[in-house]
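# Inside the fold
If you want the building blocks of each chain, they are given just below.
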There are 2 protein chains.
Amino acid sequence: MWKPDRDDARPLYVQIADYLEQRIAYGDFPPGSVLPSERKLAVQLQVNRSTIIAAFGELRAMGIVESHVGRGTRVSMMKWGAAPRHTPNWSRYAEGGQFLPNLPFMRRIREALAERPGLIDMASGELAGDLAPTEEIATLLKEHDYTAYLGYDNPQGSLPLRQAVAEYLLRHRGIRTTESSILITSGSQQSLYLITQCLLSPGEAVAIEDPSYCYSLPLFQSAGLRLFRLPVDEGGVNPEDILELYRKHRIKAVFLNPNYQNPTGAVLSDERRKRVLELAGELGLPIIEDDPFSLTSYGDMPPSPLKSIDQAGTVLYIGSFSKIAASGLRVGWMVAPHAIVERLADARQQMDFGLSILPQLVAGQFLRSEHFAPHLDRLRTSLQFKRDLLIEAMDKELRGLVEFEAPSGGLHLWCRLLPEVPEGKLLEESIAAGTVFVPGSVYGSDKGYARFTFARPKEEDIAPGVACFARALRSLI
Amino acid sequence: MWKPDRDDARPLYVQIADYLEQRIAYGDFPPGSVLPSERKLAVQLQVNRSTIIAAFGELRAMGIVESHVGRGTRVSMMKWGAAPRHTPNWSRYAEGGQFLPNLPFMRRIREALAERPGLIDMASGELAGDLAPTEEIATLLKEHDYTAYLGYDNPQGSLPLRQAVAEYLLRHRGIRTTESSILITSGSQQSLYLITQCLLSPGEAVAIEDPSYCYSLPLFQSAGLRLFRLPVDEGGVNPEDILELYRKHRIKAVFLNPNYQNPTGAVLSDERRKRVLELAGELGLPIIEDDPFSLTSYGDMPPSPLKSIDQAGTVLYIGSFSKIAASGLRVGWMVAPHAIVERLADARQQMDFGLSILPQLVAGQFLRSEHFAPHLDRLRTSLQFKRDLLIEAMDKELRGLVEFEAPSGGLHLWCRLLPEVPEGKLLEESIAAGTVFVPGSVYGSDKGYARFTFARPKEEDIAPGVACFARALRSLI
Ligand SMILES: Cc1ncc(COP(=O)(O)O)c(C=O)c1O
Ligand SMILES: Cc1ncc(COP(=O)(O)O)c(C=O)c1O
């Protein structure tokens with residue numbers, strides 16, 4: 001990101017005006033488009049708002065932009081002289097298509113994180129850098145030869161990785177499968193995208209957990225699906241609710257995250273697991289089992305996945321490297337009946353021609369390497385330690401103000417906030433105080449909940465992060 | 001891919017029956033699903049068809065499968081006893097959703113290539129392994145430290161790669177842009193997917209070249225777009241045709257591949273370039289400029305892209321690593337106005353959370369390394385040499401039977417076949433004779449054309465490949 005140079009002889013506002021003029025000339029902001037707001041640019045370029053106002057004044061004087069109260073600053077349509085009579089109305093194009101924009105709270109969080117490097121991040125649902133197997137992966141890259149053929153590969157995923165995943169699934173998740181039933185994806189996100197876009201049709205009804213990560217994904221709405229909710233308690237969803245939704249709405253699929261559910265941390269009880277499968281068998285209803293967190297289990301072995309006891313082939317199983325290794329690798333997998341794997345691989349071909357071969361090679365080697373088991377041990381110990389740090393800080397700073405169950409796996413703590421405060425205000429105050437979390441409504445929950453990710457911040461930032469949040473909360477009571 | 005073991009004491013048909021039983025037990029072929037045909041399995045497992053028939057007999061005897069004439073062999077619904085009353089009707093799910101399956105000819109070609117390792121591949125539109133910078137990339141991987149943070153990255157693409165692409169675009173394509181106007185994608189394919197899905201709405205009209213690579217992409221139809229064609233001659237499309245389509249059908253975008261067009265090799269003439277931009281400006285009509293081949297130019301510098309002379313911001317520019325380095329890396333880029341980049345990055349977030357960080361780091365380093373320029377020189381020389389080998393073989397084997405223009409860049413030779421023969425038959429005969437090409441109708445052309453990719457086969461396979469094709473063609477005259 002460009003920043004003005006404080007050692008430059010030219011005043012800051014002139015540098016900024018020159019920079020914007022250049023971006024406009026490059027077509028980055030075509031005639032008629034709106035420039036970022038003064039406030040936003042001031043934060044981005046780390047200058048006072050008055051400097052931005054002066055820079056906009058320069059551009060206006062040159063006839064390059066026009067400002068109208070309430071409509072922001074626009075690139076002048078006149079700028080290019082008579083030559084191009086019209087520029088495409090890009091903002092209309094940006095609003096077209098089938099994708100809904102991401103949720104406002106999630107956008108605001110990303111924006112805040114991008115603008116303020118010091119912000120303590122308890123919002124991003126991922127591992128801190130020091131929990132990822134960065135050294136191990138760097139070592140693998142140095143040790144192995146990557147002179148493999150770099151042509152278009154099978155859109156189903158590279159064969160060595162599918163074989164490694166099949167071994168991994170048997171050893172770590174008790175799932176018996178073969179490489180031909182596995183589809184490699186760009187993380188669980190893409191698995192969910194493929195399922196919602198390619199296997200379900202607009203207007204069809206599906207069931208998702210409430211609260212749930214799925215609810216935070218506009219992709220369900222983008223696919224035109226009707227969403228029905230399955231309330232989650234300590235023991236996960238209630239199977240009889242599935243039956244009821246099926247009777248009432250002919251749901252076509254059920255999305256579950258049975259182990260250390262995001263955001264609640266709930267684990268689907270054994271009894272309910274059996275009943276869910278029984279029902280799915282009776283109704284011929286596909287279950288999408290999203291299982292990214294199981295190997296983070298702090299204490300005992302995590303419960304077996306539905307897929308491992310699914311005899312009727314009703315379960316589509318989704319796994320990912322993101323929460324147990326590194327989200328930036330973008331490697332995930334799906335286990336599904338042959339016809340489904342073929343169909344999705346075919347759709348994949350149209351979307352992106354499959355995953356880059358490089359992360360696939362590395363992921364396959366890592367899964368099979370002697371580094372994998374010790375990495376998992378270290379990960380589980382650190383996550384439990386960080387969970388305890390967060391709970392300790394909550395007890396110290398927020399006693400009587402929050403309630404929660406300590407999760408036994410996963411990356412998050414799900415809190416009920418006892419004082420009634422407006423969510424948006426609380427988020428803004430937190431950002432101002434120096435930390436971000438995710439408001440519960442993002443996951444479709446009732447008012448008054450929040451998700452804190454202890455996996456993401458550094459150990460030493462957890463207590464200060466909670467202190468910032470506590471200040472924000474208290475300021476609104 | 002599993003194969004029966006000829007040293008195993010058990011007969012082949014028993015091994016195959018056991019293997020299929022296992023895959024059925026794993027849910028890979030759920031109750032009610034259809035097994036691959038006897039013919040297909042025989043080719044895949046490299047056994048006689050009678051062996052498959054015997055294996056199916058075994059499974060039938062065990063009550064695991066049922067065969068009905070004309071309906072293939074299905075997994076028995078009874079197999080699981082009374083427990084699961086219904087399995088999801090997976091084939092219904094596989095037919096749902098918004099994606100059309102890939103074109104039958106393309107599926108057939110991929111299938112043939114997967115089944116017969118010896119087939120000479122003049123169909124896949126990509127570089128041969130020895131033209132890719134495999135050594136250079138392996139060296140970069142060994143030299144550099146990949147201890148970067150592996151968390152979720154900016155869905156717009158990693159900053160160092162966007163900077164490297166901005167420099168590359170200025171130096172090699174005369175395009176002035178900044179990193180904030182660049183979106184990194186999983187190749188041009190994903191760029192086209194994002195544009196058709198996110199910027200255009202179902203029912204809208206767009207113009208594509210005829211013949212054209214776009215026509216081979218079911219993604220245009222999957223997005224529900226109405227396609228109108230712009231005939232391509234030696235000088236590319238005729239700008240006045242664009243005007244006419246705009247008047248008649250209110251087309252919302254024009255997709256062009258101005259340099260070394262796929263499949264024809266045509267180059268849009270200078271005069272027409274100017275007129276296209278003029279029209280686009282007048283009509284406020286976005287031009288999608290797909291430019292994957294320019295740096296393969298054999299002789300002179302390739303013509304400048306439309307984007308480099310686009311002053312009104314009407315051009316969305318698409319580039320890729322696939323045809324100048326390695327398609328398996330899956331790295332491409334798009335240059336677009338700010339509002340569009342933001343919108344697409346947001347959609348990206350829903351689809352796959354962006355590209356894996358690893359290929360992005362490598363691609364950025366390669367673009368900036370001292371290896372890049374020599375690689376391009378070597379690539380251009382080899383491509384020209386392989387083009388000449390193909391033309392020589394055509395002259396020898398097919399004189400009087402084909403007509404073509406020698407392309408001055410790109411990977412393909414576009415041929416008119418003078419004898420009238422049915423395309424499907426010609427493809428099957430070619431496969432039987434030992435080579436594959438792409439029938440012209442895949443690109444929407446009139447009957448009697450074929451695309452031969454000289455970049456893909458090994459040098460020593462080009463003449464034999466043409467000989468195989470010639471045999472196939474002659475057998476049908
Ligand atoms: C339950 C669940 N599913 C899927 C995902 C997507 O993860 P990825 O695409 O990185 O594998 C997440 C990430 O937060 C998640 O919590
Ligand atoms: C004109 C054109 N555009 C786009 C593509 C897609 O290439 P990739 O997605 O590998 O960049 C191709 C590949 O054949 C092509 O020929």
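Residues numbered from 1 in each chain as written. Chains lettered and ligands numbered in written order. Predicted model: local features only at pLDDT ≥ 70, side-chain atom pairs only at ≥ 80, totals over all residues. Heavy atoms only, no water.

Looking at an unreviewed UniProt entry, one finds chain A named GntR family transcriptional regulator, with Paenibacillus agaridevorans as its source organism. Per UniProt, chain A has the following entry under Sequence similarities (unreviewed entry): "In the C-terminal section; belongs to the class-I pyridoxal-phosphate-dependent aminotransferase family." The Cofactor (unreviewed entry) field of the UniProt record for chain A holds the comment "pyridoxal 5'-phosphate". (UniProt positions renumbered as here; feature names shortened; annotations may be inferred.)

### Some points on the site of ligand 1
Around ligand 1, 15 residues are found, and the nearest of them are A:Asn262, A:Asp290, A:Ser320, A:Ser322 and B:Tyr152. Around ligand 1, the neighbouring residues derive from chains A and B rather than from a single chain. Take A:Gln189: an N or O atom from its main chain is 2.8 Å from an oxygen atom of ligand 1. Between ligand 1 and A:Asn262, the relevant distance is 2.6 Å, taken from an oxygen atom to a side-chain nitrogen or oxygen of the residue. Computed on the free molecule, ligand 1 has an accessible area of 400 Å², of which 98% lies beneath the protein chains in the complex. Ranked by residues supplied to the shell around ligand 1, first place goes to helix α8 (residues 187-199) of chain A with 3 residues. Per-class residue counts for the shell around ligand 1 are 5 nonpolar, 7 polar and 3 charged. (Near = heavy atom within 4 Å. Polar contact = N/O pair within 3.5 Å; in protein donor to acceptor, adjacent residues only side chain to side chain. Areas by Shrake-Rupley, 256 points an atom, 1.4 Å probe, with all protein chains shown as cover. Helix = DSSP H or I, 4+ residues; strand = E, 2+ residues; numbered from the N terminus. Nonpolar A, V, L, I, M, F, W, Y, C, P; charged D, E, K, R; others polar.)

### Here we look at the domain arrangement of chain A
Domain boundaries assigned for chain A yield domain 1 (12-95), domain 2 (104-131 + 375-476) and domain 3 (145-370). Measuring from the centre of the C-alpha atoms in domain 1 of chain A to the corresponding centre in domain 2 of chain A gives 37 Å. (Domains from an automatic or database assignment.)

### Re the confidence of the model for chain A
Residue and element names in this part refer to chain A. Confidence in the prediction for chain A averages 90 pLDDT; 95% of positions are at 70 or higher. Counting contacts from residues 79-85, a segment whose pLDDT is below 50, to residues more than four positions away or on other chains yields 10 contacts. Among the scores for the predicted complex, ipTM is 0.83 and pTM is 0.86. (pLDDT = per-residue confidence, 0-100. Contact = heavy atoms within 4.5 Å.)

### Side note on the sheet that holds strand β5 (residues 205-210) of chain B
All names here are of chain B. An order of β4-β11-β10-β9-β8-β5-β6-β7 is seen for the 8 strands of this open sheet, with the pairing classed as mixed. A strand with exactly one partner marks an edge of an open sheet, and here the two such strands are β4 (182-185) and β7 (236-237). Bridge count for strand β9 (residues 287-290) against strand β10 (residues 315-320) is 4 bridges, and the pairing is parallel. Within β10, the position partnered with Ile288 by the bridge is Leu316. (Pairing = 2+ DSSP bridges.)

### So, the site of ligand 2
The environment of ligand 2 is made up of 15 residues, and the closest members are A:Tyr152, B:Asn262, B:Asp290, B:Ser320 and B:Ser322. Close to ligand 2, residues of chains A and B are found. Contact distances for ligand 2 include 2.5 Å between an oxygen atom and a side-chain N or O atom of B:Ser320. In the complex, the protein chains occlude 98% of the 400 Å² of accessible area that ligand 2 would expose alone. By residue number, the principal contributor to the shell around ligand 2 is helix α8 (residues 187-199) of chain B, which donates 3 residues. Looking at side-chain class alone, the shell around ligand 2 contains 5 nonpolar, 7 polar and 3 charged residues.

### Structural notes on the interface of chain A and chain B
Interface extent is often summarised as the accessible area lost during association of the parts. Listed as interface residues are 116 residues of chain A and, on the opposing side, 114 residues of chain B. Interface area, chain A with chain B, both sides summed: about 9,800 Å², of which 54% is carbon and sulfur. Inspection of the chain A/chain B interface yields 4 salt bridges. Here B:Asp346 ties to A:Arg107 by a salt bridge, and the two come within 3.3 Å at their closest N and O atoms. Linking chain A to chain B there are 31 residue pairs in polar contact (both at pLDDT 80 or more). Ranked by residues supplied to the side of chain A that touches chain B, first place goes to helix α12 (residues 338-351) of chain A with 10 residues. (Buried area = accessible area lost by both parts, 1.4 Å probe. Salt bridge = Lys/Arg side-chain N within 4 Å of Asp/Glu carboxyl O.)

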